[in-house]
Amino acid sequence: MGIWFTEKQTENFGITAKINKTHHSEETDFQKLDMVETAEWGNMLLLDDMVMTSEKDEFVYHEMLAHVPLFTHPNPKEVLVVGGGDGGVIREVLKHRSVQKAVLVDIDGKVIEYSKKYLPTIAGSLDHPRVEVRVADGFMHIAESQKAYDVIMVDSTEPVGPAVNLFTKGFYDGISKALKDDGIFVAQTDNPWFKADLIQQVFQDVKEIFPVTRLYTANIPTYPSGLWTFTLGSKIHDPLKVKEDRFFELETKYYTAPLHQACFVLPKFVEDLTK
Ligand code: SAM
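Report on the accompanying structure. Position labels on residues start from 1 in each chain and follow its written sequence. Local features in this predicted model are restricted to residues of pLDDT 70 or higher, and side-chain atom pairs are both shown and tallied only at a pLDDT of 80 or more, whereas totals for entire chains, interfaces and linings draw on every residue. Only heavy atoms go into the side-chain values, all of them from the structure, while hydrogens and water stay out.

1. Considering the sheet that holds strand S5 (residues 50-54)
In spatial order, the strands read S1-S2-S3-S4-S5; together these 5 strands make up an open sheet with antiparallel pairing. Only two strands of the sheet have a single neighbouring strand rather than two, namely strand S1 (3-10) and S5. Direction aside, the axes of adjacent strands within the sheet are offset by 45 degrees on average. Two strands are said to pair when DSSP picks up at least two bridges between them. Put simply, DSSP marks the helices as runs of H or I at least four residues long and the strands as runs of E at least two long, and each gets a number from the N terminus on. Inspection of the sheet shows strand S3 (residues 32-38) paired to strand S4 (residues 42-47) by 6 bridges, in the antiparallel sense. By the bridge assignment for S4, leucine 33 is matched with leucine 47. Along the sheet face, helix H3 (residues 109-118) touches strand S2 (13-27), S3 and S4 and points at about 15 degrees away from the line of S3. An axis is simply a line fitted to the C-alpha atoms; with a helix, the fit covers only the stretch in contact. Between two such axes, the angle follows the N-to-C directions and lies from 0 to 180 degrees. A contact between two residues is defined here by any heavy atoms of the two lying within 4.5 Å.

2. Some points on the sheet that holds strand S12 (residues 227-234)
Read across the open sheet, the 7 strands follow the order S8-S7-S6-S9-S10-S12-S11; overall the sheet is mixed. Of all the strands in the sheet, the pair left with one neighbour each is strand S8 (131-135) and strand S11 (212-219). Strand-to-strand twist across the sheet, computed as the mean angle between neighbouring axes with direction ignored, equals 15 degrees. Pairing analysis gives 8 bridges linking S11 to S12, with the strands arranged antiparallel. Residue pairing in the sheet places alanine 218 in a bridge with tryptophan 228 of S12. Each of strand S6 (78-83), strand S9 (149-155) and strand S10 (179-188) is contacted by helix H6 (residues 169-178), which is oriented at about 140 degrees to S10, the strand it contacts most.

3. A few points about the environment of glutamine 204
Topologically, glutamine 204 is positioned in helix H7 (residues 196-207). Under the relative-accessibility criterion, glutamine 204 is labelled partly exposed at 23%. On a C-alpha basis, the gap between glutamine 204 and threonine 274 in space is 7.4 Å, while along the polypeptide they are 70 residues apart. Leave out the neighbours within four places in its chain, and glutamine 204 touches Leu273, Thr274 and Lys275. Polar contacts, as counted here, are pairs of nitrogen or oxygen atoms within 3.5 Å of one another; within protein the pair requires one atom able to donate a hydrogen and one able to accept it, and residues that are adjacent in sequence qualify only if both atoms are side-chain atoms. Only 3.1 Å separates the side chain of glutamine 204 from the backbone oxygen of lysine 275, close enough to count as a polar contact. A 1.4 Å probe rolled over the protein chains alone gives each residue an accessible area, and that area as a share of the maximum for its type sets the label: buried under 20%, exposed over 50%, partly exposed in between.

4. Focus on empty space enclosed by the protein
Each cavity reported here is a set of points on a 1 Å grid over the protein atoms alone in which a 1.4 Å probe fits but cannot get out, each pocket an open set with protein on both sides within 12 Å along at least five of seven lines, and each lining residue one with an atom within 4 Å of a point. Grid points are joined across faces, edges and corners, and a volume is the space filled by probe spheres set on the points. Enumeration according to the criterion identifies 3 cavities of 30 Å³ or more in this entry. Empty space within the largest cavity amounts to approximately 370 Å³. Lining of the largest cavity is provided by 31 residues; of these, Leu47, Met52, Asp155, Ser156 and Thr157 occupy positions nearest its centre. Mapped onto the lining of the largest cavity, the elements with two or more residues apiece are S4, S5, S6 and strand S7 (101-106). By residue number, the principal contributor to the lining of the largest cavity is S5, which donates 3 residues. We call Asp, Glu, Lys and Arg charged. Ala, Val, Leu, Ile, Met, Phe, Trp, Tyr, Cys and Pro are nonpolar, and the rest, Gly among them, are polar. Grouping the constituent residues of the lining of the largest cavity by class yields 17 nonpolar, 8 polar and 6 charged. Two domains share the lining of the largest cavity, each providing at least three of its residues, namely domain 1 (3-52) and domain 2 (58-274). Of the pockets and cavities examined, the second largest cavity occupies roughly 70 Å³. Together, Phe5, Ile15, Thr16, Ala17, Trp41, Met44, Val51 and Thr222 line the second largest cavity. Considered class by class, the residues forming the lining of the second largest cavity number 6 nonpolar, 2 polar and no charged. The split into domains, and so the bounds of each, comes from an automatic or database assignment of domains.

5. Focus: helix H1 (residues 58-72)
To estimate how far a helix should extend, the number of its residues minus one is multiplied by 1.5 Å. An ideal rise of 1.5 Å per residue puts 21 Å on 15 residues; H1 measures up with 22 Å between its terminal C-alpha atoms. Within H1, 15 of the 15 residues are buried, which leaves it mostly tucked inside the rest of the structure.

6. A short note on the site of the ligand
Only a single heavy atom is needed: when it lies within 4 Å of a molecule or strand, its residue is near that molecule or strand. The local shell around the ligand holds 24 residues, among which Gln31, Asp106, Gly138, Pro162 and Tyr223 are the closest. Within the side chain of glutamine 31, one N or O atom sits 3.0 Å away from an oxygen atom of the ligand. Within the backbone of glycine 138, one N or O atom sits 2.8 Å away from a nitrogen atom of the ligand. With residues, only the protein chains shown are counted as cover, and all accessible areas are computed by Shrake-Rupley using a 1.4 Å probe. Calculation on the ligand without its partners gives an accessible area of 590 Å², and the protein chains cover 99% of this total. Here the criterion for a molecule occupying a pocket or cavity is that more than half of its atoms lie within 2 Å of the pocket grid points. For the ligand, the cavity whose grid points lie within 2 Å of the majority of its atoms is the largest cavity.

Next up, the structure:
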C-alpha cells in the first residue's frame, strides 16, 4: 500500500518517499501545497513538489538556522523570521528568553494554517504571546523596516516563485538597513552539490555588505543532497568569537555549543565557494 513521491533535485536525480496518506493538497495563491503522511519521516510539508519540513528531521534545520545567530548576538531582543510559516524557527527562537518579540512574515497564510493543523510539534509556538505573525511579502516588510531587528532569519523556499527576490543583493541591502547597528542575519542557502553557483553568488553579495560573512553547514537528510548551507552576515559580532559564558543550556537535538564552532569548518569544495 502507499504511493511513492519523488522530489526531482536535478533533472537527473531525485529523492523518493513512501506516502501513506495525503492530508491536504491545494494550489494556494502562491504555490502548490501538499501536506502528506510519509512512512519514514512522519507528516511532511511539500511546496511546489519540494520537501519543506518533516516531523522526523525538522529539528536540524530549525535549530541551526536559529541558534547560531541568536547565540552570536550578545542580547537579541527583536527578531524577524522571513518565511518560516511552518513555525519551526519561531519555536527555537522562543527558547531565548532575551527575545521580547519574534515577528514572522510569511507570504502564504495557507502554509501557516495547515502547518498548525498537521505539524503541531513544529507550528505549536506560532500563537505564543511573544510572537507576531504577519501574512505579507517578506521583501516588502524588509524594505519598510529601519534598524528594527537584532537578528533576521530568512527561512524561505528556493529562489523561485514568491521567493525569487529573497536571494538578491537588493534584499540583503534591505536586511542591513532593517537590522540595528550590531545586527546579524542568516539565510538558508541550499546545497553545494546542486546549487554551488547560488551559494557563491549569495556569499559574494553578502560579503560586499556585511563586515563579517560566514558559511556553515548541517546534515538534513530530506533536503537535496543532505548537505545544507546557511550564509551569515554580521555588522559586528563574529560567530567564531562567541565567549564560552554566552552559551546556556537549552533543549536541542542537534545544536550544541561545540557544534556552533565546528559547523563553520567546511569541506574544501564548499570552502572554495566562499573565495
Ligand atoms: N526550510 C524550507 C527550505 O529551506 O526550503 C523553508 C520552509 S518555509 C515553509 C518556506 C516559506 O517561505 C513558505 O511558507 C513560503 O510561503 C515562504 N515565502 C516564500 N516567498 C516569500 C516571500 N517573498 N515573503 C515571505 N515568505 C515567503
